[in-house]
Amino acid sequence: MDGYKNKKVLVTGHTGFKGAYMCGALLSYGTSIVGYALPPLPKSAYEVCGLNGYVDSRLGDIRDIEKLKNVIKEVKPHVVIHMAAQPLVLDGYNRPAYTFDTNVMGTVNVLECIRDMDCVESVLVITTDKVYENNEWHYGYRENDRLGGNDPYAASKACAEMVVNSYNTSFFAQQGLPVSSARAGNVIGGGDVSANRIIPDCVRATIANEKVTIRNPLSVRPYQHVLEPIMAYLRMVNEQVKNPKLAGAYNIGPAPEGCVTTEALVKIFCDKWGAPAQYEVQQNVDAPHEAGFLHLDCAKARAMLNWRPRWSVEKAIEKTVEWEKSQLNSESMLDVMNKQISAYLKG
């Protein structure tokens, strides 16, 4: 990752869960980081690690193209990593117009702002594993499978993929600017304070000495520690500068054994945490539709980028519990993040 030394990287969504870990990883490589995002949520990874002291943080809405354009023109980044998004399936049902505006037009705004910027060398747009038309197949989706999305969140991210392809075909290919998209599976890790995500729900319930409630116990998802996609993203950005032909769409997910049911995931959490962690399955739940089975084929990332996942789902939960207990013990969370990054890089 020597390519990140003395580089200026613009990270949209830097105050979010994955954005905070992206900042932590880039700092470990000696990178100059400029962030553009909404304010961080209270007690989130970004806030408790004190990352504001290390990042040139610019607060703004990704939908505000003029403000975003002014920031990009001022900082002149070498790399742009677009992570800003409305990232929750249930929030997509509650705020569909906002979800489409943020995830689709936000992506348009980023690509439009960098279209005439000669300083930019590499671009990565983060979407999701939910961009595929989900047929409940019991084999992994490949990057050339049909895009879709029945719920607003999934559909908005599939649209974002089409935006990337359109800008690549119309503009960036002729300019020689490598632009990729990354479709990552469900991420877990310490410092996630989002609502309606299973592991943050587990943490909140356990700290409150309550049982974790599971809505969809048999739903299968490709779970991975947040550092898995973060390090894959950084490899993608780095490698496509050296070889622009590598630019494209990539799945980033765990090994097949990382695809587990929600109930199995929660059981691992309870085992790793110990008392008082317990769970119960909520019966007859009247909730919006979510896919029952989702699995990614990551052969392309293995072959083209020489990338492979390093941590099992058990290890991912272990590191999440380690983080949350360290925070309860008032430890330095930036030190905890750095230790976990170092442990990941060592394998």
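Residues numbered from 1 in each chain as written. Predicted model: local features only at pLDDT ≥ 70, side-chain atom pairs only at ≥ 80, totals over all residues. Heavy atoms only, no water.

Asks: Honestly, the overall build of the protein in this entry has me stumped. Any pointers?
Replies: Check the secondary structure of the protein and you find 12 helices and 12 strands. The C-alpha radius of gyration computed for the protein amounts to 19 Å, which stays within 12% of the reference 20 Å derived for 347 residues, consistent with globular compactness. Within the protein, the proportion of its 347 residues that are buried is 54%. Accessible surface, the protein as shown: approximately 14,800 Å² in total, 49% of it carbon and sulfur. If the 37 positive side-chain charges of the protein are averaged to one point and the 38 negative ones to another, these points end up 5 Å apart. (Helix = DSSP H or I, 4+ residues; strand = E, 2+ residues; numbered from the N terminus. Rg over C-alpha atoms; globule rule 2.2 N^0.38 Å. Buried < 20%, exposed > 50% of the residue type's maximum accessible area, 1.4 Å probe, protein only. Areas by Shrake-Rupley, 256 points an atom, 1.4 Å probe, with all protein chains shown as cover. Lys, Arg positive; Asp, Glu negative; His and termini not counted. Charge placed at Lys NZ, Arg CZ, Asp CG, Glu CD.)

Asks: Whenever I open this one, the sheet that holds strand β7 (residues 186–188) confuses me. Can you help?
Replies: Within the open sheet, the 3 strands sit side by side as β7-β9-β11. Their pairing is mixed. Each of the sheet's edge strands pairs with one partner strand only, and the pair in question is β7 and β11 (259–261). Each strand axis lies, on average, 50° off the axis of its neighbour in the sheet, ignoring direction. The sheet contact formed by β7 and strand β9 (residues 220–225) spans 3 bridges and is parallel. By the bridge assignment, Asn186 is partnered in β9 with Tyr223. Strands in contact with helix α9 (residues 262–273) are β7, β9 and β11; relative to β11, the strand with the most contacts, it is inclined by about 90°. Sheet strands in contact with helix α11 (residues 313–328) are β7, β9 and β11, and its direction is about 55° off that of β9. (Pairing = 2+ DSSP bridges. Axes fitted to C-alpha atoms, helices over the stretch in contact; angles between N-to-C directions. Contact = heavy atoms within 4.5 Å.)

Asks: Hey, could you run me through the environment of Tyr4 in this one?
Replies: If you trace the backbone, Tyr4 turns up in the segment before β1 (8–12). Take Tyr4: its relative accessible area is 2%, and that puts it in the buried class. Measuring from C-alpha to C-alpha, the distance between Tyr4 and Tyr46 comes to 21 Å, with 42 residues separating the pair along the chain. Polar side-chain contacts of Tyr4 include one of 2.6 Å to the backbone oxygen of Leu234. (Polar contact = N/O pair within 3.5 Å; in protein donor to acceptor, adjacent residues only side chain to side chain.)

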